[in-house]
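These are the residues of each chain, in order.
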Amino acid sequence: MAEIVSLEEAIRSAVRDGDTVAMEGFTHLIPFAAGHEVIRQGRRDLTLIRMTPDLIYDQLIGAGCARKLVFSWGGNPGVGSLHRFRDAVEHGWPRPLEIEEHSHAGMANRYVAGAAGLPFAVLRGYNGTGLVSQTATIRQITCPFTGERLTAVAAVRPDVTVIHAQRADRDGNVQLWGITGVQKEAVLSAQRSVVTVEEIVATLDARPNAVVLPSWAVSYVARVPNGAHPSYALDYTVRDNDYYVAWDAIARDRETFGRWLDENVHHATAGSPA
Amino acid sequence: MAEIVSLEEAIRSAVRDGDTVAMEGFTHLIPFAAGHEVIRQGRRDLTLIRMTPDLIYDQLIGAGCARKLVFSWGGNPGVGSLHRFRDAVEHGWPRPLEIEEHSHAGMANRYVAGAAGLPFAVLRGYNGTGLVSQTATIRQITCPFTGERLTAVAAVRPDVTVIHAQRADRDGNVQLWGITGVQKEAVLSAQRSVVTVEEIVATLDARPNAVVLPSWAVSYVARVPNGAHPSYALDYTVRDNDYYVAWDAIARDRETFGRWLDENVHHATAGSPA
Amino acid sequence: MTSMTGYTADEMMTVTAARALADGMTCFVGIGLPSAAANLARATHAPHLVLIYESGTIGAKPDRLPLSIGDGILAQTADAVISVPEIFNYWLQPGRIDVGFLGAAQIDKHGNINSTIVGGDYARPQVRLPGAGGAPEIAASCTEVIVIVRQTPRTFVEKVDFITSVGYGAGPGDRERLGLRGRGPQRIITDLGVLTPDPRTCEFTMTALFPGVAAETVSQRTGWDVAIAAAPQAVPPPSPAELAALRDLRAASPGV
Amino acid sequence: MTSMTGYTADEMMTVTAARALADGMTCFVGIGLPSAAANLARATHAPHLVLIYESGTIGAKPDRLPLSIGDGILAQTADAVISVPEIFNYWLQPGRIDVGFLGAAQIDKHGNINSTIVGGDYARPQVRLPGAGGAPEIAASCTEVIVIVRQTPRTFVEKVDFITSVGYGAGPGDRERLGLRGRGPQRIITDLGVLTPDPRTCEFTMTALFPGVAAETVSQRTGWDVAIAAAPQAVPPPSPAELAALRDLRAASPGV
């Protein structure tokens, strides 16, 4: 059964230095507040997994939390570069960042394999691309029936997965809807999980297109209203597109970023909007 | 775009002698009316695929439509044997029936591979069972990352998949809900598909736990109210459990079965309840 | 059929199976006795028992016994309704399910189960049984398996005609060699009592007897030279509360 | 920026891309110009165009341009909302999607695309770009690919620094050798016109020019010795109806 705790306690219990951490949410439901709590708690040497690092990992990378990034598309959607990510890769600042790079199809299948308790997944992908020779978790595999050559990708098995959802009930059952991306697989592939939610309700009435994660498949639930900001939670909050645009200038400069970090993360309290 | 036609026309257009045909529906939403239409049209030499052959394939096998059965559990749920299936396997009546036998997990993954355009799927399954040496579509595969030995099953790629759903809209988009089993995968793995529906509506309003198959992924839609009987369509009809019990005596005897077939299938019209 | 003791063999088996389920466990349930047992446990000592049906319902909370594995009441009361591929791939396969129930047409002394064919050969058997269904992977991946089956010499055989689901294979170490990650069958509940695997040999031993069952009956109704514990546990009969709860469930379930 | 001709280069590119989409096609759409083009086509000549976004929405019918690939309006108007693994595995991979749009930081004469790194080596590049996203499998599996990119010598290069998505590889036969089942990029739409692959060499040739574009400009803005068709097609400027529909879409979409 999931424990319902504060965000501070959830992150302290679930995330340790050196962990492999996945924070998922495909544009929608990105767990920003939890990411900021990880920064505040000073976690280090994390291997961060996320299909689209987005601003949340730009912030964690810039704050020096990450040793390695596993990803498939590292841009500021509709805006441009993730400057903290680029600074880490191009100049090793604030520390060198090892990368393990995939395509979306590959990353999605790596989560599927993790959720299914398999060591790898099979797809038609990567053939002819430069990723094959750069990424050790991509290999060729032969169909035992047809002899056809396909691609295998290694499962991801995060120590912790963190997601944001619209709501949970008092037993810790979690419900999310709208664009639910790869979150179910990310939670099921992990050893531990943290789910921040907009609200905790008495009963989860059925919703179209909803994914339900039963309480016994989740470790910690924390109530964090607006915990996806500047991403959004459908039917609760709207995406703060201006924040994404403004981020470009903040992240472009190391000092500006440092001031942003001090003011909006280090000196903010757990779960307050940033 | 799916064509909205009569059941008779849908089956005539989609199902040919010698085809590999999957009719899916896990207890719920079994496309009985379509199965009876296949019998009425006198199709022969079919390879029938279905996780649980159930009464629908007992009827098709007894009627002599099938050359081969691909399946994972061939009983009358909660009642006992499928006598027409047993008679075919044990005594070759009305004709010998080749079988290709899997577990549910294996069959489900074979449909997944078919839907995904892959020649095989990987699972932890079958190890130590007698099925490994009897079924050619089960082979060992080695993980290219860990060296672990797992099981591969060959994809199924039916010529035609037939399912029953609650409803479609006038464009042929199909919606089903409740226990939706492996129907999405069965349709997506097939070259052609027929969907019978309880009703055709102007708009498919969103439903909890609904699966939607877009019109362009379906070949034919036919309106057949109660087309799942004696199975059921959640929110439309209820399962006729008495029919399942009564079937035992009907199917146990070749002549009784023959009379049932004449009265309830051959002399019934397309789509009438049987 | 109610015996002179005031309860039937089915009721005794069902109650014994229900007692094996602890609150909060996750349980992969089939129709018939297992479903009755799981729902009885949920109605009595294990209100947070999580019922998972292979039709794709997680956390179903039926107030009557479902009539089929795909009974609408399962979907209507479940925490989550998912596809059949998902139930096997994301929930059963990774070892998330604590207990799985299995039946058997034949079971051998190492707990291997046959539900495929009896007699003849595979292509032309004397008796063609329904086959595997979910059983092979339930037997492989649930943390533990409970088998429920009536004890007869035809069913309890030295060697099964076909291995549909692996118990302990040919003995110790076989599950590991085969890569089966669950612990295997931890008990066989019959109409006579309970058999559990000998930790050294993996052979099933009769370690608990139902009220009024003699050791001699066990030997007569087992097709191998079954060991009986020196001091077999005496299984208490169904309590009035257990019986009442079970009969209430059945009364609410016409046709089951 | 509207030119003296009354429309911008972006508008010309968007209208040209929209015209390439026939009614009833299924189209894998990214944000930006491709999304504008697909929604323009749907608002004009292709009302049954099926828009598929990699966030998992099939048949989205937004009445404004989505602000991100995960804009709520996509889920709210879609025929089906599915998971990200499913969109790639069940819909893109098996070849169910007719047209995929791709952008490029670099593209070479065989239509191979780089969106990963420029300069330096992979581990310490001069410029780290966002990377692959859905592009490699879109390039592999869609029946055809349309690339939309502004034409500059820095972008249109003899050889890309990194192959993120395969066009025609090193030339004829490479897609088949690599097992790529889609037909590959069928056109590159730039701010100068349209390039299409030579059926014999798989080299991209400038086969259509936008109004007022001189052949000389094409050569100057291409990093390889690009062939220009002897009689390049003259692409008609945006019609008043096309422009109005596109501007209505943009007006309904603050922030895009």
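Our structure is the block above this text.
Residues numbered from 1 in each chain as written. Chains lettered and ligands numbered in written order. Predicted model: local features only at pLDDT ≥ 70, side-chain atom pairs only at ≥ 80, totals over all residues. Heavy atoms only, no water.

Novice: Would you explain the sheet that holds strand β10 (residues 149-154) of chain A in this entry?
Specialist: Sheets are built from strands that pair by backbone hydrogen bonding, the pairs being arranged parallel or antiparallel. Residues and elements named next belong to chain A. Strand order in this open sheet of three strands is β8-β10-β9, and the pairing throughout is antiparallel. In this open sheet, the two edge strands, each paired with only one partner strand, are β8 (120-123) and β9 (138-142). Strand-to-strand twist of the sheet, defined as the mean angle between neighbouring strand axes without regard to direction, takes the value 40°. Both β8 and β10 contribute to a ladder of four bridges, which runs antiparallel. Across the sheet, F120 pairs through a bridge with A154, a residue of β10. Packed onto the sheet, helix α5 (residues 104-115) meets β8 and β10 and runs at close to 140° relative to β8. (Pairing = 2+ DSSP bridges. Helix = DSSP H or I, 4+ residues; strand = E, 2+ residues; numbered from the N terminus. Axes fitted to C-alpha atoms, helices over the stretch in contact; angles between N-to-C directions. Contact = heavy atoms within 4.5 Å.)

Novice: Would you mind showing me how to read helix α9 (residues 254-266) of chain B here?
Specialist: Since there are 3.6 residues in each turn of an α-helix, residues three or four apart along the chain are aligned in direction. All names here are of chain B. The set of residues buried in α9 consists of F257, W260, L261 and V265. Contacts from the buried residues of α9 go to α2 (32-40), α3 (54-62), α4 (83-91) and α8 (241-252). Looking at where α9 begins, the residue whose side-chain oxygen comes 3.1 Å from the main-chain nitrogen of E255 is D253. (Buried < 20%, exposed > 50% of the residue type's maximum accessible area, 1.4 Å probe, protein only. Polar contact = N/O pair within 3.5 Å; in protein donor to acceptor, adjacent residues only side chain to side chain.)

Novice: Mind showing me how you'd approach the packing of aromatic side chains here?
Specialist: For any pair of aromatic rings, the description rests on two quantities: the centre-to-centre distance and the angle between the ring planes. Residue and element names in this part refer to chain A. Across all of its chains, the model carries 22 aromatic pairs over all chains by this definition. Grouping aromatic residues by their ring pairs yields a cluster made of Y243, W247, F257 and W260. Across the ring face of F257, the terminal group of R84 is positioned such that the distance to the ring centre comes to 5.7 Å. (Phe/Tyr/Trp six-rings, centres within 6.5 Å; stacked < 30°, edge-to-face > 60°. Lys NZ or Arg CZ within 6 Å of the ring centre and 35° of its normal.)

Novice: What should I look at first to understand the pattern of salt bridges in this one?
Specialist: Pairing between side chains becomes possible if they bear opposite charge and their charged atoms approach one another. Tallied over the entire structure, the rule returns 60 salt bridges over all chains. The partner of R128 of chain C in a salt bridge is E101 of chain B, and the shortest N-O contact between them spans 2.5 Å. One end of the pair, R128 of chain C, is in strand β9 (residues 125-128); the other, E101 of chain B, is in strand β7 (residues 98-101), on a second chain. R128 of chain C gets classed as buried once you look at its relative accessible area, which sits at 1%. E101 of chain B gets classed as buried once you look at its relative accessible area, which sits at 0%. Shared partners join several salt bridges into a network, and the residues in it are R67, K68, E98, E100 and R110 of chain A. (Salt bridge = Lys/Arg side-chain N within 4 Å of Asp/Glu carboxyl O.)

Novice: Quick question: what am I supposed to make of the interface of chain D and chain A here?
Specialist: The extent of an interface is frequently quoted as the accessible surface area lost upon association of the parts. Residue-level contacts link 41 residues of chain D with 45 residues of chain A. Summed over both sides, the interface between chain D and chain A buries roughly 3500 Å², with carbon and sulfur atoms accounting for 58% of that surface. When residues of chain D are sorted by the area they lose upon contact with chain A, Y122, R128 and P130 of chain D head the list and together hold 19% of the total. Between chain D and chain A we count one salt bridge in total. Here chain D and chain A share 20 residue pairs in polar contact (both at pLDDT 80 or more) between them. Breaking the side of chain D that touches chain A down by element, the ones donating at least two residues are α3 (72-77), α4 (84-92), β9 (125-128) and α5 (135-141) of chain D. In terms of residue class, the side of chain D that touches chain A is built from 20 nonpolar, 15 polar and six charged. (Buried area = accessible area lost by both parts, 1.4 Å probe. Nonpolar A, V, L, I, M, F, W, Y, C, P; charged D, E, K, R; others polar.)

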